[in-house]
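# What the coordinates show
Residues per chain, in single letters:
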Amino acid sequence: MPNQPNEEPQSAVEAHAARHPQASRDSFGFTVEARIEGALGRTGTIRTPHGDIRTPAFIPVATKATIKSVRPDEILEVGAQATLANAYHLNLQPGTDVLDAAGGLGKFMNWPGPTFTDSGGFQVMSLGAGFKKVITMDSSVVPDDAAVAPDKERLALVDDDGVTFKSHIDGSTHRFTPEISMKLQHEIGADMIFAFDELTTLFNTRAYQETSLERTRLWAERCLAAHRSLTEERSHRPYQALFGVLQGAQYEDLRRKAAQDLGSMEIDGQSFDGFGIGGALDKENLGTIVGWMAEELPEDKPRHLLGISEPEDMFTAIENGADTFDCVSPSRVARTGRVYHPDGRFNIPQARFKKDFSPIDAECTCYTCTNYTRAYLHHLFKAKEMLYNTLCTIHNEHYTIKLVDDIRASIEQGRFYEFRDAVLGRYQAGSKP
C-alpha cells in the first residue's frame, strides 16, 4: 500500500519492526542512571530480550558456549548477569548452524539470561599470528607490522574485503568478511553482537593503524547493512543489538575519529546500538584512552570494553566511561592455581597452604569459601583433580562480579572515589592473605 499524503516514508528497519514486533529494536535499550561526580562513569540498565543488565557489569566469558569447568546455574549463583561467547570458536566447532537449530546460544548452553558474542576478529589475529590469547599491552615495543610469535607461522591474511585464515584446530582454510561475521553471529543468536573489525596491536606502525582504521570503518558500514538485511530475514528471532568496534591503538586522534565515525554512522536507517572498545590498550594509559572515546560517543548507548578484569583496571575503566567488560582471566588464572582475595591475589599450590584450614576469603560468601578450605584446594591442585578447577573458578568469578556490583553501588551512593581508594589501597598493599 502506498504512503498516504504527507506521510513520512518508513526506513527498512522501521517497516520491519512494525511487521515483526518480537524482532523490534524496541526490545533493546539503555538508560543512564547515576553518575560519578567529575568523571565520565555512570550506572545504567541495558534492556535485552532475555532480561536486563545493571551496569557497570562484568561479563564472564563462555568462549565455546561454556565457562570452563562450571555449570551455567553455578555462574548464575555467583551473580553473573550475562555471558559472552566467541564467533570464531563456535564457527569452527560445532558450527553456527547447530546453534541456530538449537534456538540460539542461550538455549544451546542452557543459559537463561542475556548473551554477547564477539566477532572473532581477536582470535583471527592473535591465533593467526601465533600469539594465542596474549597480546602485548606495553607501548614500548618496537613497531613491526609483520610481527609473528616466535617459531610460529602466520595463519591469517588481511585484505580490504576480509580475512583468510587457517583453523588452529585442523589447519583448514576459512574466510571472514563483515557479511560472513554478521551471518554467523545471527545464527549464534546472542542478544548483543559485534561488528567485524581488524584488530591491530601495539606492534603495528602508525601508518598501518591509519590504514586499518579506515578498513574497519568501511567494514562497519557493511556490517550495518548486513545486520539490517539479516534482521529482516530472521523475523522469527528476537532483535539482536549490534555494537560497533572502535580501534586506534594508543593514538588520541585515531581513537576519537573512530568514535566519531561509528557513533554517527547510519546505513538505511540502521545505526549501532552500542559500542565495543577494542584493540590492545597501553595499560598505563587505559583510562585516558577509554575517556577519549567516551567523550565522543552517544551518551544513550552502552560501551563495552573488551578484555579486562584486574581490579585496578576495572575501577579505571568504569571511572572513564565503560559500562560493561569481559575477560577470560578469572577462570584462566583459577585453573593455574591463582585466586583473588581483598588483600591481593595468591597461589593456592604454595606449600604454606597444605595445612591451612581456613577458606580462601573468610569474608566471601561464594559456595567455595562457604564449604572448602585452602588445604583442600591445595590437595586438589596437587592431585590434579578436576574439582579444583570448578571450585576456584566459582570463587574468582564471584570475586570479580561482586567487586563490580559493589562499584556500581558506590556510584549510586555517591562514594565511588572513597570506595576505590579503600579497595585498591588494601589490594595493592601486597599483604599475604
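In this report, we go over the structure that sits alongside the text. This structure is a prediction, so every number in the text was calculated from the model and none was measured.

### Here's the deal with the overall build of the protein
A count of helices and strands for the protein gives 16 helices and 18 strands. In the protein, which comprises 433 residues, the share counted as buried stands at 55%. Accessible surface, the protein as shown: approximately 18200 Å² in total, 51% of it carbon and sulfur.

### Concerning the nonpolar core
One finds Leu 105, Phe 272, Leu 305 and Phe 325 to be the most contacted residues of the largest nonpolar core, which totals 77 residues. With residues up to four places along the chain from it excluded, the contact list for Phe 272 reads Ala 195, Ala 220, Leu 224, Leu 242, Phe 243, Gly 244, Leu 262, Met 265 and Lys 301. Counting 16 residues, the second largest nonpolar core, distinct from the first, contains Ile 46, Val 61, Phe 116 and Met 192.

### With respect to the pattern of salt bridges
Oppositely charged side chains may form a pair once their charged atoms are brought near each other. Applying the stated rule across the entire model yields 34 salt bridges. One salt bridge in this structure joins Glu 412 and Arg 54, with 2.9 Å as the shortest N-O distance. With Glu 412 in helix α15 (residues 386–412) and Arg 54 in strand β3 (residues 51–55), this pair connects stretches of sequence that are 358 residues apart. Assessed through its relative accessible area of 38%, Arg 54 is described here as partly exposed. Close ionic contact of Glu 221 with Arg 217 constitutes a salt bridge, the shortest N to O distance being 3.1 Å. A residue pair is termed a helical-turn pair when its members lie 3 or 4 positions apart in one helix, as Glu 221 and Arg 217 do in helix α8 (residues 206–233) at four residues. One salt-bridge network, in which partners are shared between bridges, spans Arg 35, Arg 42, Glu 299, Arg 303 and Asp 323.

### Let's talk about the pairing of strand β16 (residues 324–327)
Of the two faces of β16, both are covered, the one formed by Thr 324 and Asp 326 as well as the one formed by Phe 325 and Cys 327. Bridge count between strand β15 (residues 303–306) and β16: three bridges; the pairing is parallel. If you follow Leu 306 over to β16, its bridge partner there is Asp 326. Between the parallel elements β15 and β16, the chain passes through helix α11 (residues 311–319) in a crossover that is right-handed.

What counts and how
Throughout, residues of each chain are indexed from 1 in the direction in which the sequence is written. Two thresholds apply to this predicted model, a pLDDT of at least 70 for residue-level local features and 80 or more for giving and counting side-chain atom pairs, whereas whole-chain, interface and lining totals are computed over all residues. Hydrogens and water are ignored here; the side-chain numbers use all heavy atoms of the structure. Per the convention used, a helix needs a DSSP run of H or I reaching at least four residues, while a strand needs a run of E reaching at least two, with both numbered from the N terminus. Working definition: with a 1.4 Å probe on protein chains only, accessible area under 20% of the residue-type maximum means buried, over 50% means exposed, and in between means partly exposed. Here the open area of atoms and residues is found with the Shrake-Rupley method and a 1.4 Å probe, where only the protein chains shown may cover a residue. In plain words, nonpolar cores are sets of buried Ala, Val, Leu, Ile, Met, Phe, Trp, Tyr and Cys residues tied together by side-chain atoms within 4.5 Å. Residues count as neighbours in contact if any of their non-hydrogen atoms are within 4.5 Å of one another. By convention in these notes, a salt bridge is any Lys or Arg side-chain nitrogen within 4 Å of a carboxyl oxygen on Asp or Glu. Two strands make a pair as long as DSSP finds a minimum of two bridges between them. By convention, orient the strands away from the viewer: a clockwise path from the first strand over the helix to the second makes the crossover right-handed.

Treat this as a map of the structure, not an account of what it does.
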